[in-house]
Amino acid sequence: MANTVHRRAFCLLASAICLAGAPVFETPALAQDNSIRLGIVAPMSGPNARYGAFSLRGAQLAAKDINAAGGIDGRKIQIFSADSQGTPVEGVSATRRLIDQDKVDFLIGDVSSSVTLAMQPVVEDAGVLLINAASSNPKITYAAGVGGFKWSFRNYPTDENRALIVAQYAAEKRGFTKFAVLSVDSDYGRSAIDFTKKYLPRFNGQILTEDYYKEGEVDFRSVLAKIRDSGAQAIIMYGLADTTPIVARQMTEVGLAGKVPLIGNGEFNTEKTIKSAPKALEGAVEAAAWLPAWDSPKSKGFVTRFTAEYREAPNNHAYVHWETVNLLGKAVEAAKSADRAKVRDALAKIKYDSAVGEVTFDDHNQAKLPMILLQIEDGKPVVKGAYSADIDYPR
Amino acid sequence: MSLNESSLPLPGRDLRLPFGLAVVVLACCAPLLLGNYALHAVIISLIFLLPAHGLNLLVGYTGLLSLAQAAFFGVGAYVSALMAVHWGTPFYVNLFGAGLVAGALALPLGIPALRLRSTSFVMCTLGFVIIGQAVAKNWISLTRGDMGLSAIPKPYFALGPASFTVSGTVGFYYLVLAIAALATFAVWLIVTSPAGRNMVAIRENETLAESVGVPTWRYKLIVFMISAAFAGLGGSVYAHYLTVVSPLTFQMSNSTLMLIIVLGGGPGTISGVVFGSLLFVGLSEALRIAPELRMVAYGFCLLALVFWFPKGFAPLITRFWTMLRGRS
Amino acid sequence: MLFQISEQVVNGIVTGAVYALVAVGMTMIFGVLRAINFAHGEYYMVGTFGAWVAIEYFDLPYPVAIVAGVIATAFVALVIGQFVMRRMVGAPAEAGVLATLGIALILQNTVILLFGGGYKFFEGGYIEPVTILGVSLAEQRLLIIAVAVLVFFGLELLVTYSRMGKAMRAVSQNVECCAVVGIDVRKVVVRTFVLGAALAGLSGVLTAPVNVSVYGGMGELITFKTLPIIIMGGLGNVRGTFFAAMILGIAESLVATYVGLQFRDTVGFATLMLVLMWRPHGLFSAQARY
């Protein structure tokens, strides 16, 4: 190989490296401006983009109101967002970008459990405080606090709790014993079903068919026909908001609507979802961390404020992110400093009044929160109560 | 192409030594010059350099257009991740294992695929990526499906009683730099050997090459395996760097990106591919262009490359460079 | 049991009809250009977005939205045809692969940049179920089957009797000879391309009400489904493509029911690999083009 080639190589390499180096000198403003730098990792594109948009809006609303009131001891909250696309790989890159490039001290994220599980080791390494606000897989806090990760907290109830109360309600109040499973193939969908299987024998329930769908699936008729022919009384679905209308519509098509209800979680309660297939969603049972119909002054205040700001009713993800930014604000106030370690210690001891009750963290950095059970009656979600259960940490 | 040009006499002074030294010094001092994020961009582009080198052997030197590179990249990533998570083996063992498995897997896949011509071969190689993704998504007990494998340990080396772990962006940069430099050297050895000349003969005219005694079938198969092994190495480093792998490692856009690096940099040249990965991966990552905008730009690059710059963008820049020098 | 299978077969036929409408354009383009169009699914996506925009932004009724979607697709295809496809006449196969890959990237990501990466809800269409012989189907699905049958019947007539069809057949036989006898090869290529893309767009608009969600990445999925179909159908063979699409649709439906939903999307490419290895010219003869 010869001289021209080599020389060309060197020219090119040198120029390319100079080019690549150019942006370095314009790195963003330094982090010394006394603001609280908060990163939000959420799916802004892909099948879960709706969740991400709500999450970011909720967080931004909280930050806006806190800043308008003068900040926390004069410190303003500055929000940086990054797109996880709902996939672990992109989530980790987004986290790295926020930590390395935007120099955030605090992180809230992600919605998807699989992404959060992948983010945990990264934030632990960087010593950045992660408060998860919307992932429900129990493993996240099994491995946090005394379980290992010192920098991971979760302000969201877990699937362990959810699976139990859904199974209990379906069996005791509705009298179902035969179930079909149709859940999303992810850490969230699979672990919720694992816990359902753990609790179902207690209520003499059995699972007749079990299917998991990939995110982005649009044709459920074959599976729904199979469920119809199996004689199941209810479909246990731990799914995603965007899939619920599709499943509900196709339930109408194969003749399941009005006969076999959906139970589990997947935003069954929003107006748009119910409107897409009212007959199929009638009688659906859902356990959620929060819903707009929840009756408490703080909750109502949030719904009014959010609707006024964005001309759209908030969902569960908007609420939990809004609440978590406020929680972080209180922790900073209690720590009297924006120092990561001090805020973390303050958070561990905090007593915070949320819209669904008092929040405290246990030794696994898991918030003690109730799950709200609701049922769709006459096209409207009706709250059937809030339940909390103790978490049984594996030894 | 480059091999033919190489015999031309050189105009002007021999600048190889000063430029070589400059590159080495620049590469070694990069962490001092670059911020953490720019360094991350360089790391990513050096990782993508590995599969691109492999693809260059296939496309640039042997003349086989393949989309399978992302499949072997994914295989490498998963092999390395599984070894690290389940067995806790040191990094160099994982790296070696990933390259070996990807290369070995290319044998049974390559035998039927290489019998096909032009478009059919391209489709078949695309099939490897799609089926690879399906396997990664559905073999839940091994790959955990869409949930991905996370918490892949940082690369650590264990030599006898001593062991050390590479951590931090700077440490990782030097590790990747060393691997990329070795890989570049390996490719250089291959293409300057008689075998490299035979590969070019196959690209230029396969029938003619066969008739003068080049065992074309065996050559194509071996090059396919070597390129897969390079992709596997890249996947291994990628998995350790990101600390997670998911089925989306197998996606056509990864294959397309590797193709753009090779075709854009200059197929059939080593320097071109290095330049291509720094330009298309490094620069776009460093400038934080929105991913969609980046993809649109890649699309236009592909069109431009097909219709106007079949030798890549590198010659364009060299011409510009010589023009500049001529003036001064 | 028999009833169940027949229901799944009907489901499969509906899916097959959707694939057939997309694949027929792809195979016709291969006929005249000898190039696989890796961007073909993107026209399906463009058509769907066209209709979605018509409904969401302009409040047009669904039948008008169908027309809007198809016209939007044909327009996009005309632009691409004039600037890119024309140049591909006589270019090597690899150039076609790369250029269409480039177009796929541009179309898909431009749409995401314009409308965002999230899933959109497609309102409109006829989704009330009707029951025929015990099988319950949305009206929309019957519409899809009817349109697919009509389109294939029309194409058959077009290719056999019309001047354009004859020119298409001639170009697929021998490009040089066409140039000699005065057929404008480039014009034929662009027309075939626009027709094929518009059919893909039509397929997208018709499917949108039953698939409900509309998003930028939906085209790539369809490209991957139709690639196996056109190979199995014998590249360039319209009738073969129709039957291959039906076979794949039914096979997918049966696999989803009796093997597992998660394996459905693998059926196509697994079959493709087997077909390529054992019968590289497809299940239907590639000789009987059109």
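Here the structure is shown first, and the text comes after it.
Residues numbered from 1 in each chain as written. Chains lettered and ligands numbered in written order. Predicted model: local features only at pLDDT ≥ 70, side-chain atom pairs only at ≥ 80, totals over all residues.

1. Points about the overall build of chain A
Here comes step 1: Of the regular secondary structure elements, chain A holds 14 helices and 14 strands.
Here comes step 2: Over its C-alpha atoms chain A spans a radius of gyration of 23 Å, differing by no more than 12% from the 21 Å that the globule rule assigns to 395 residues.
Here comes step 3: Considering only C-alpha atoms, chain A reaches an extent of 75 × 60 × 45 Å along its principal axes.
Here comes step 4: Long-range contacts, defined here as pairs at least 24 residues apart, represent 69% of the contacts in chain A between residues at least 6 apart. (Helix = DSSP H or I, 4+ residues; strand = E, 2+ residues; numbered from the N terminus. Rg over C-alpha atoms; globule rule 2.2 N^0.38 Å. Contact = placed C-beta atoms within 7 Å.)

2. Observations concerning the packing of helix H4 (residues 69–87) of chain B against helix H5 (residues 91–113) of chain B
All names here are of chain B.
Here comes step 1: Across the interface, H4 lies against H5 with an axial gap of 8 Å and an inter-helix angle of 140 degrees. The orientation of H4 relative to H5 falls into the category oblique. Crossing of H4 over H5 shows right-handed handedness. Only Val93, Asn94, Leu95, Gly97, Ala98, Gly99, Val101, Ala102, Leu105 and Ala106 of H5 make contact with H4, whose side of the interface consists of Phe72, Val75, Gly76, Val79, Ser80, Met83 and Ala84. (Axes fitted to C-alpha atoms, helices over the stretch in contact; angles between N-to-C directions. Parallel < 35°, antiparallel > 145°, perpendicular 65-115°, else oblique. Left-handed = near helix turned anticlockwise from the far one by under 90°.)

3. Points about the environment of A:Thr87
Residues and elements named next belong to chain A.
Here comes step 1: Here Thr87 shows up in the loop between strand E2 (77–83) and helix H3 (88–100).
Here comes step 2: By the C-beta count within 10 Å, which is 24 here, Thr87 ends up buried.
Here comes step 3: For the pair formed by Thr87 and Ser113, sequence separation is 26 residues and the distance between their alpha carbons is 9.8 Å. (Buried ≥ 20, exposed ≤ 12 C-beta atoms within 10 Å, placed from the backbone.)

4. Notes on helix H1 (residues 2–33) of chain C
All names here are of chain C.
Here comes step 1: Taking 1.5 Å of rise per residue, the 32 residues of H1 would be expected to cover 46 Å, and the 44 Å separating its terminal C-alpha atoms lies within 8% of that figure.
Here comes step 2: For H1, the tally of buried residues reaches 24 of 32 residues, placing the bulk of the element in the interior.
Here comes step 3: A positive phi of about 60 degrees marks Arg34, the residue just after H1. (Expected span 1.5 Å × (residues − 1).)

5. Describing the interface of chain A and chain C
Here comes step 1: Contacts between chain A and chain C engage 29 residues on the former and 25 residues on the latter.
Here comes step 2: Elements with a minimum of two residues in the side of chain A that touches chain C: helix H2 (49–68), strand E7 (206–213), helix H8 (221–230) and helix H9 (244–254) of chain A.
Here comes step 3: Among the residues making up the side of chain A that touches chain C, the classes are represented as 12 nonpolar, five polar and 12 charged. (Nonpolar A, V, L, I, M, F, W, Y, C, P; charged D, E, K, R; others polar.)

6. Here we look at the sheet that holds strand E6 (residues 178–184) of chain A
Residue and element names in this part refer to chain A.
Here comes step 1: As summarised here, the arrangement of the seven strands in space is E7-E6-E8-E9-E10-E13-E14, forming an open sheet in which the pairing is mixed. In this open sheet, the two strands that pair with only one neighbour each are E7 and strand E14 (380–387). Across this sheet, the average inter-strand angle for adjacent strands is 20 degrees, counted without regard to direction.
Here comes step 2: Judged from the two bridges that link them, strand E9 (residues 262–265) and strand E10 (residues 285–288) form a sheet pairing that is parallel. Across the sheet, residue Gly264 finds its bridge partner in E10, namely Glu286. (Pairing = 2+ DSSP bridges.)

7. A few points about the packing of helix H12 (residues 252–265) of chain B against helix H13 (residues 270–286) of chain B
Residue and element names in this part refer to chain B.
Here comes step 1: Between H12 and H13, whose axes approach to 7 Å, the crossing angle comes to 125 degrees. In terms of axis orientation, H12 runs oblique to H13. Like other packed secondary-structure pairs, H12 and H13 cross with a definite hand, here right-handed. Residues Ile260, Ile261, Val262, Gly264 and Gly265 of H12 lie in contact with H13, whose contacting residues are Gly272, Val273, Phe275, Gly276, Ser277, Leu279, Phe280 and Val281.
Here comes step 2: A breakdown of the residues in the contact of H12 with H13 according to their chemical character gives eight nonpolar, five polar and no charged.

8. Describing unusual backbone geometry
Here comes step 1: Put simply, A:Gly109 and A:Asp110 share a cis peptide bond, and its omega is -25 degrees.
Here comes step 2: Tracing the backbone shows A:Asp110 in the loop between strand E3 (106–109) and helix H4 (113–126).
Here comes step 3: Residues other than glycine seldom take positive phi values, yet B:Thr243 does so here, at roughly 65 degrees.
Here comes step 4: Structurally, B:Thr243 is set in the loop between helix H11 (216–242) and H12.
Here comes step 5: On the basis of neighbour counts, which here come to 23 C-beta atoms within 10 Å, the residue B:Thr243 falls in the buried class.

9. Notes on the pairing of E6(A)
Residues and elements named next belong to chain A.
Here comes step 1: Extensive coverage of E6 is indicated by the burial of six of its seven residues.
Here comes step 2: Where E6 and E7 come together, seven bridges link them in parallel fashion. Along E7, the bridge assignment pairs Ser183 with Tyr212.
Here comes step 3: Each parallel crossover has a hand, and for E6 linked through helix H7 (residues 187–199) to E7 it is right-handed. (Right-handed = clockwise from strand over helix to strand, strands pointing away.)

10. Looking at the sheet that holds strand E1 (residues 36–42) of chain A
Residue and element names in this part refer to chain A.
Here comes step 1: The five strands are arranged E2-E1-E3-E4-E5 in an open sheet whose pairing can be described as parallel. Sheet topology places E2 and strand E5 (152–154) at the edges, where each strand pairs with a single neighbour. When the angles between neighbouring strand axes are averaged without regard to direction, this sheet yields 25 degrees.
Here comes step 2: Pairing of strand E4 (residues 129–132) with E5 involves three bridges; the strand directions are parallel. Of the residues in E5, the one forming a bridge with Asn132 is Arg154.
Here comes step 3: Each of E1, E2 and E3 is contacted by H3, which is oriented at about 150 degrees to E2, the strand it contacts most.

11. Thoughts on helix H6 (residues 118–138) of chain B
Here comes step 1: Taking 1.5 Å as the rise per residue, H6(B) with 21 residues should run 30 Å; its terminal C-alpha atoms sit 31 Å apart, in good agreement.
Here comes step 2: Of all 21 residues making up H6(B), 16 are buried, and the element is well covered by its neighbours.

12. So, the pairing of E1(A)
As a general feature of sheets, a regular strand has side chains that alternate between the two faces.
Residues and elements named next belong to chain A.
Here comes step 1: Judged by how many residues are buried, E1 sits mostly within the fold: six of seven residues are covered.
Here comes step 2: Sheet analysis places E1 next to E2, joined by seven bridges and oriented parallel. Among the inter-strand pairings, Ile36 is bridged to a residue of E2, identified as Ile77.
Here comes step 3: The parallel pair E1 and E2, bridged by H2, forms a crossover whose chirality is right-handed.

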